[in-house]
Amino acid sequence: LGLEDLVNFGKFDPIGKLFVGSLELLQKVCRSYGLAIIALTILINLVLFPLTRVSYMSMKRMQLIQPQMTKLREQHKKSPDKLNKEMMALYKKHKVNPFGGCIPMVMQIPIFIALYVALSKSVILINSKFLWIHDLSSPDRVYLPFSLPFLGNYIHLLPLLMVAAMAIQQKFTQITVANQDPMMQTQQKMMAVMMPVIFGFVFYQMPSGLVLYWLTNTLIMSAYQFRLKNMTLA
């Protein structure tokens, strides 16, 4: 109708419109919006790869120095200032950024919000089919021959696949080291279970196009973390 300029995606409007335009361009090449979303996810990861690599290397170093951190806490538990000074020296020696592991997730937040708003308000995905998904702008449905409590006679399969992929990713993220703090081990195991479950609840009713993006992103991150887990640091 010529009213495209009235569409606004909120605070991340420029990013949202960039993604919509990119999806339309990729769809012309891939002939499928599902494949276009996967291609866009790969391109986003390629752009963020240098930052992702630095942050994951920092996260691995952080995990490997956990025994030394535990020892320092025991030695200086009555002197917080001395402990902080020794911890900073340990971080500097091993080139560790305590917040480095959070950077990829933080960088994904504006991208995720922009995609969520764009896929929710844009009409380009309506009635777009991909594999068993009949509409990428809505949650996917797989009908069951029986009825489940609270769910009915169908499930949203794509978010469940995403939960499984996140569980695998959490497993690759964990690093077992000698003399590791038992409390830290317990926290890692809890996070490995809780994170996929929480994301599963959040994503279960979301548009399948958005879930497809996060599933693809999770698979890419899992592959990279698997490679990183087998890497030896000097």
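Residues numbered from 1 in each chain as written. Predicted model: local features only at pLDDT ≥ 70, side-chain atom pairs only at ≥ 80, totals over all residues. Heavy atoms only, no water.

**A closer look at the overall build of the protein chain**
Phase 1 of the analysis: If you tally the helices and strands in the protein chain, you get eight helices and two strands.
Phase 2 of the analysis: When burial is assessed residue by residue, the protein chain has 41% of its 234 residues classed as buried.
Phase 3 of the analysis: Look at the contacts in the protein chain between residues 6 or more apart in sequence, and 69% of them connect residues 24 or more apart.
Phase 4 of the analysis: For the protein chain, the exposed area adds up to about 14,200 Å²; of that, 67% sits on carbon and sulfur atoms. (Helix = DSSP H or I, 4+ residues; strand = E, 2+ residues; numbered from the N terminus. Buried < 20%, exposed > 50% of the residue type's maximum accessible area, 1.4 Å probe, protein only. Contact = heavy atoms within 4.5 Å. Areas by Shrake-Rupley, 256 points an atom, 1.4 Å probe, with all protein chains shown as cover.)

**Re the packing of helix 1 (residues 13–30) against helix 2 (residues 33–64)**
To characterise two packed helices, one gives the angle between the axes of the helices and the distance between these axes.
Phase 1 of the analysis: With their axes 8 Å apart at the nearest point, helix 1 and helix 2 run at an angle of 120° to one another. Between helix 1 and helix 2, the interaxial angle falls into the category oblique. Relative to helix 2, the crossing made by helix 1 is right-handed. For the pair helix 1 and helix 2, the contacting residues are Phe19, Ser22, Leu23, Glu24, Leu26, Gln27 and Cys30 in the first and Tyr33, Leu35, Ala36, Ile37, Ala39, Leu40, Leu43 and Ile44 in the second. (Axes fitted to C-alpha atoms, helices over the stretch in contact; angles between N-to-C directions. Parallel < 35°, antiparallel > 145°, perpendicular 65-115°, else oblique. Left-handed = near helix turned anticlockwise from the far one by under 90°.)

**Notes on the pattern of salt bridges**
Phase 1 of the analysis: Here the structure, examined in full by the defined rule, presents one salt bridge.
Phase 2 of the analysis: Asp13 is paired through a salt bridge with Lys17; the nearest N and O atoms lie 3.4 Å apart. Placement of both Asp13 and Lys17 in helix 1 is noted, with a separation of four residues, approximately one turn of the helix.
Phase 3 of the analysis: Among the residues examined, Asp13 registers a relative accessible area of 12% and is labelled buried.
Phase 4 of the analysis: On the basis of relative accessible area, Lys17 is assigned to the partly exposed category, the value being 38%. (Salt bridge = Lys/Arg side-chain N within 4 Å of Asp/Glu carboxyl O.)

**Remarks on the packing of aromatic side chains**
Phase 1 of the analysis: Enumeration according to the criterion identifies five aromatic pairs in this entry.
Phase 2 of the analysis: Taken together, a centroid distance of 5.9 Å and an interplanar angle of 15° make the contact between Phe199 and Phe203 stacked. Of this pair, Phe199 and Phe203 both sit in helix 7 (residues 182–203), four residues apart, which is roughly one turn of that helix.
Phase 3 of the analysis: Given a relative accessible area of 17%, Phe199 falls into the buried group.
Phase 4 of the analysis: In this structure an aromatic cluster arises from ring pairing among Phe199, Phe203, Tyr213 and Trp214.
Phase 5 of the analysis: Above the face of the Tyr154 ring, Arg141 is positioned so that its terminal group lies 4.2 Å from the ring centre. (Phe/Tyr/Trp six-rings, centres within 6.5 Å; stacked < 30°, edge-to-face > 60°. Lys NZ or Arg CZ within 6 Å of the ring centre and 35° of its normal.)

**Let's talk about the pairing of strand 1 (residues 142–148)**
Phase 1 of the analysis: In the sheet, strand 1 pairs with strand 2 (residues 152–155) via three bridges, with the strands oriented antiparallel. Bridging across to strand 2, Tyr143 finds its partner in Tyr154.
Phase 2 of the analysis: From the end of strand 1 to the start of strand 2, which pair antiparallel, there are three residues, and Phe150 there has a positive phi angle of about 70°. (Pairing = 2+ DSSP bridges.)

**Things to note about the environment of Val54**
Phase 1 of the analysis: Relative to the elements of secondary structure, Val54 occurs in helix 2.
Phase 2 of the analysis: With 42 residues separating them in the primary sequence, Val54 and Val96 have C-alpha atoms 10.0 Å apart.

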